[in-house]
There are 2 protein chains.
Amino acid sequence: MSQEEFVVGIDLGGTNVRAAVVSRRGEIKAWAQAPIEAARGVEQGILRIQNLIHQVMEQAGIKQIAGIGFGSTGPLDRENGFIQNPYTLPGWENVDVRTPLSRAFDAPLIMENDADAAALGEAWLGSGKGTSRFALVTVGTGVGSAFILDGHIYRGMDGEHPEAGHQVLDPNGPPCYCGARGCLESLVSGPAIVESARRAIPQYPESLLARLEQNGHPLDAVQVVEAARQGDRLAQQIIREAATYLGLGLVNVLLFYLPECIALGGGVMKNYDLFIPHILQVLSQHDVVVPTRRVRITPASLGNKAGVLGAARAIWQQIRG
Amino acid sequence: MSQEEFVVGIDLGGTNVRAAVVSRRGEIKAWAQAPIEAARGVEQGILRIQNLIHQVMEQAGIKQIAGIGFGSTGPLDRENGFIQNPYTLPGWENVDVRTPLSRAFDAPLIMENDADAAALGEAWLGSGKGTSRFALVTVGTGVGSAFILDGHIYRGMDGEHPEAGHQVLDPNGPPCYCGARGCLESLVSGPAIVESARRAIPQYPESLLARLEQNGHPLDAVQVVEAARQGDRLAQQIIREAATYLGLGLVNVLLFYLPECIALGGGVMKNYDLFIPHILQVLSQHDVVVPTRRVRITPASLGNKAGVLGAARAIWQQIRG
């Protein structure tokens, strides 16, 4: 009797690391997460990840794994299995995760950008299941994107990762660290929404947002969303503007990739219902040269399991084709 | 002794039709073109194409062809081999070209969008040779685009053709028939350049362009380009603006596809040298999240042979894999 094989999928973000034991068919046998506390140092961090893997293996009752899929917030050196991300993981530059983890678990390790891993997970078992072209756009602190073509992560020249979240959308828009003015991220991310509220507040002293700010609360995107839900005009206008830009960004995703499905994920898209009417209106206005109405727009469906599942899928694809 | 096989590549535009006899390695054994005079009717047109094929076969000294690659200005029904283009081929709607031509030459026929065919030709033997990801952007009366991935035309959902030429780039820009305001085509095509000159002329009564218009010449893009070459400030400013927008459009091509090479073709790009300094400046300003500086930007190199060669390549791929 041949024993069933398992891999471990890792999802390393700026705050938490998640790990899951995953079967070849995508069943999660065990799942756990822990704070990464990156600032405590790389060695501590690697050890923490190692312990988390031990923990989920124990939960799953397995002694051996066939591989490790490692999804991580980038930049990464995928080929060598290095993290190059001092931005969201303070101090994590030139961090070799492959060598220690491969050695500790006697298993190959594949590294993927976190947006790619999440998209691969969604295409495998979630919102993009059954499609041959699937785009994921995540809207949160930043705007990430990934494209899955025939079940595989689309990569550009030299294995580089597409960044549709930084597409130029309005050259008169706000500046972004990416070098553009008015890239999608600068217009629709959580911080962009807050910034656009802050700019408008002086003209709307009666708005709920103005009152919140007067009370000394530093405004965040959740407050803008909640104010919009409570009927605050300014907040609704800000959401409408952001959603319209997001709709235009999705028009471009469509014009370039023509996917069967675009899924929306990330923190801001927990409020999908607030954004989607405006997005669909924009799409229907741009239905002439490509069939925008035939594309399915949907919320990402795997939540915080997308990353670990996609990472698991990536290592399965590498070791079993 | 096995005799060498040949196919015929066709390139049907709004004005001319071109045909070539092409070997499997891409040698053009014979080439010819003729006006299509679409308004004379579909039957006449098909006959004209048929005669052109006979002509090049005779020139090449062959009696048989292994297939026909048919590149055409769209919209097309690729699958059934129908032309659906009353816009640039007046009267050509629901025109079955496959049945009569396949029958006349006892050969299979594959149909491709003309931008796709040109890009496939360039990727096979021209500016994109040796790349695994290649984008062609043609700037003329319209702005076309195509993407070649691993030597094959990239197609979207239901075989649809990407239209990066209509990407939204400035929501405050001019309206386009595609439904967008400020799509790339509305900002950089020949007519867009003329339109932007016309709008500016009243403020520049001393400019060469103002004088040309006063003389009663309807302005065209060639005149704007020539005025810019002669040092006319207004014309130079208009070219710089269009080139800057084109640069931003290419930044987006890069962010989505990350090709090793982007080639620029089409009538307006005969003045590549006027545009490229501004384009490269824009690219270098957007080098943070993707390596824009590592991408080769180049003029398309096959001129009016790109279409027939690409069409030939498409039928070779179908019949010989």
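Predicted model, so just to flag it, every value in this text is computed and none were measured.

Quick word on the packing of aromatic side chains
Here comes step 1: With the rule as written, the count across this model stands at 10 aromatic pairs over all chains.
Here comes step 2: Between A:Y257 and B:F256, the aromatic rings sit 5.3 Å apart at their centres with planes inclined by 70°, giving edge-to-face as the arrangement. In this pair, A:Y257 sits in helix α8 (residues 233–257) while B:F256 sits in helix α8 (residues 233–257), so the two residues belong to two different chains.
Here comes step 3: Residue class for A:Y257 comes out buried when judged on its relative accessible area of 4%.
Here comes step 4: B:F256 gets classed as buried once you look at its relative accessible area, which sits at 0%.
Here comes step 5: One aromatic cluster in this structure is built from A:F147, A:Y154, A:F256, A:Y257, B:F147, B:Y154, B:F256 and B:Y257.

Topic: the pairing of strand β3 (residues 28–35) of chain B
All names here are of chain B.
Here comes step 1: In terms of strand pairing, strand β2 (residues 16–23) meets β3 through seven bridges, oriented antiparallel. The residue of β3 that forms the bridge with R18 is Q33.
Here comes step 2: As consecutive antiparallel partners, β2 and β3 are separated by four residues, and within that stretch G26 has a phi angle of approximately 95°, a positive value.

What about the sheet that holds strand β7 (residues 95–96) of chain A?
Residue and element names in this part refer to chain A.
Here comes step 1: Reading across from one edge, β5-β6-β7 is the order of the three strands in this open sheet, with antiparallel pairing throughout. Each edge of the open sheet carries a strand with a single partner, namely β5 (76–77) and β7.
Here comes step 2: Note: β5 against strand β6 (residues 82–83), two bridges, orientation antiparallel. Residue pairing across strands places L76 opposite I83, the latter belonging to β6.

Quick look at unusual backbone geometry
Here comes step 1: Across the junction of A:G74 and A:P75, the peptide omega takes the value 5°, indicating a cis bond.
Here comes step 2: The residue A:P75 is located in the loop between β4 (68–72) and β5 in this model.
Here comes step 3: Residues other than glycine seldom take positive phi values, yet A:L258 does so here, at roughly 45°.
Here comes step 4: Tracing the backbone shows A:L258 in the loop between α8 and β12 (261–265).
Here comes step 5: With relative accessibility at 0%, the residue A:L258 sits in the buried group.
Here comes step 6: One non-glycine residue with positive phi stands out, namely B:N94, at about 55°.

A closer look at the interface of chain A and chain B
Here comes step 1: Residue-level contacts link 44 residues of chain A with 44 residues of chain B.
Here comes step 2: Our count for the contact surface shared by chain A and chain B stands at four salt bridges.
Here comes step 3: Residue A:D158 pairs with B:R294 through a salt bridge whose shortest N-O separation is 2.9 Å.
Here comes step 4: Summed over the shared surface of chain A and chain B, the result is 18 residue pairs in polar contact (both at pLDDT 80 or more).
Here comes step 5: Mapped onto the side of chain A that touches chain B, the elements with two or more residues apiece are β10 (143–149) and α8 of chain A.
Here comes step 6: Here the side of chain A that touches chain B gets eight residues from one element, more than from any other, and that element is α8(A).
Here comes step 7: Partitioning the side of chain A that touches chain B into residue classes produces 26 nonpolar, nine polar and nine charged.

Section: the domain arrangement of chain A
Residue and element names in this part refer to chain A.
Here comes step 1: Taken domain by domain, chain A holds domain 1 (6–114 + 305–320) and domain 2 (127–300).
Here comes step 2: The distance between the C-alpha centroids of domain 1 and domain 2 comes to 28 Å.
Here comes step 3: Contact with domain 1, which involves four residues of that partner, is made by five residues of domain 2.
Here comes step 4: Counting each side, the surface lost to burial between domain 1 and domain 2 is near 400 Å², with a carbon and sulfur contribution of 38%.
Here comes step 5: For domain 1, the biggest contributors to the area lost against domain 2 are R78, N113 and Q317; these three give 75% of the whole.
Here comes step 6: For the salt bridge of E112 with R155, the shortest nitrogen-to-oxygen distance reads 3.0 Å.
Here comes step 7: Across the domain 1-domain 2 interface, the total number found is two residue pairs in polar contact (both at pLDDT 80 or more).
Here comes step 8: Of the residues that constitute the side of domain 1 that touches domain 2, the class distribution is no nonpolar, two polar and two charged.

Let's talk about the sheet that holds strand β10 (residues 143–149) of chain B
All names here are of chain B.
Here comes step 1: Across the sheet, five strands lie side by side as β11-β10-β9-β12-β13; this open sheet has mixed pairing. Of all the strands in the sheet, the pair left with one neighbour each is β11 (152–153) and β13 (296–299).
Here comes step 2: Here α8 sits on the sheet in contact with β9 (133–139), β10, β12 (261–265) and β13, set at roughly 155° to β9.
Here comes step 3: The sheet contacts of helix α9 (residues 272–285) involve β12 and β13, and relative to β13 the element is tilted by about 165°.

Focus on the pattern of salt bridges
Here comes step 1: Scanning the entire structure with this criterion turns up 26 salt bridges over all chains.
Here comes step 2: Put simply, A:E37, A:R40 and A:R48 are held in one network by salt bridges that share partners.

Section: the relation of the copies chain A and chain B
Note that the two copies of the chain are related through a rotation about an axis and a translation along the same axis.
Here comes step 1: Overlay of chain A on chain B (RMSD 0.1 Å): rotation 180°, translation along the axis 0.0 Å. On this basis, the relationship between the two copies can be described by a two-fold rotation axis.
Here comes step 2: A shared interface surface links the copies, since 100% of the contact residues of chain A are contact residues in chain B too.

A closer look at helix α5 (residues 190–200) of chain B
Here comes step 1: If you check which residues of α5(B) are buried, you get B:G190, B:A192, B:I193, B:V194, B:S196, B:A197 and B:A200.
Here comes step 2: On its buried face, α5(B) sits against α4 (184–188), α6 (208–214), α7 (221–229), α8 and α9 of chain B.

Let's talk about the side chain of A:E112
Here comes step 1: By secondary structure assignment, the location of A:E112 is in strand β8 (residues 109–113).
Here comes step 2: Excluding residues that lie within four positions of it along the chain, A:E112 makes contacts with A:F70, A:G71, A:S72, A:L76, A:R78, A:A117, A:I153, A:R155 and A:A314.

Examining the nonpolar core
Here comes step 1: In terms of nonpolar packing, the biggest core is built from 124 residues, with A:L209, A:L250, A:F275, B:L209, B:L250 and B:F275 touching the most fellow members.
Here comes step 2: Examining the composition of this core, we find that 16 residues originate from one element, α8(B), more than from any other.

Some details on the packing of α8(A) against α8(B)
Here comes step 1: At a closest axis distance of 11 Å, the pairing of α8(A) and α8(B) adopts a crossing angle of 75°. Between α8(A) and α8(B), the angle is such that the two are roughly perpendicular. Contacts between α8(A) and α8(B) involve A:N252, A:V253, A:F256 and A:Y257 on the former and, on the latter, B:N252, B:V253, B:F256 and B:Y257.
Here comes step 2: When the residues that make up the contact of α8(A) with α8(B) are grouped by side-chain class, the tally is six nonpolar, two polar and no charged.

Considering the environment of A:V137
Residues and elements named next belong to chain A.
Here comes step 1: Structurally, the position occupied by V137 is in strand β9 (residues 133–139).
Here comes step 2: The exposure class assigned to V137 is buried, which follows from its relative accessible area of 4%.
Here comes step 3: Between the C-alpha atom of V137 and that of R294, which follows or precedes it by 157 residues, the distance is 18 Å.
Here comes step 4: Beyond its immediate sequence surroundings of up to four residues, V137 is in contact with V143, G144, S145, L250, V253, I262, A263, L264 and G265.

Conventions adopted
Residues numbered from 1 in each chain as written. Chains lettered and ligands numbered in written order. Predicted model: local features only at pLDDT ≥ 70, side-chain atom pairs only at ≥ 80, totals over all residues. Heavy atoms only, no water. Phe/Tyr/Trp six-rings, centres within 6.5 Å; stacked < 30°, edge-to-face > 60°. Helix = DSSP H or I, 4+ residues; strand = E, 2+ residues; numbered from the N terminus. Buried < 20%, exposed > 50% of the residue type's maximum accessible area, 1.4 Å probe, protein only. Pairing = 2+ DSSP bridges. Contact = heavy atoms within 4.5 Å. Salt bridge = Lys/Arg side-chain N within 4 Å of Asp/Glu carboxyl O. Polar contact = N/O pair within 3.5 Å; in protein donor to acceptor, adjacent residues only side chain to side chain. Nonpolar A, V, L, I, M, F, W, Y, C, P; charged D, E, K, R; others polar. Domains from an automatic or database assignment. Buried area = accessible area lost by both parts, 1.4 Å probe. Axes fitted to C-alpha atoms, helices over the stretch in contact; angles between N-to-C directions. Least-squares fit on C-alpha atoms with pLDDT ≥ 70 in both. Core = buried A, V, L, I, M, F, W, Y, C linked by side-chain atoms within 4.5 Å. Parallel < 35°, antiparallel > 145°, perpendicular 65-115°, else oblique.

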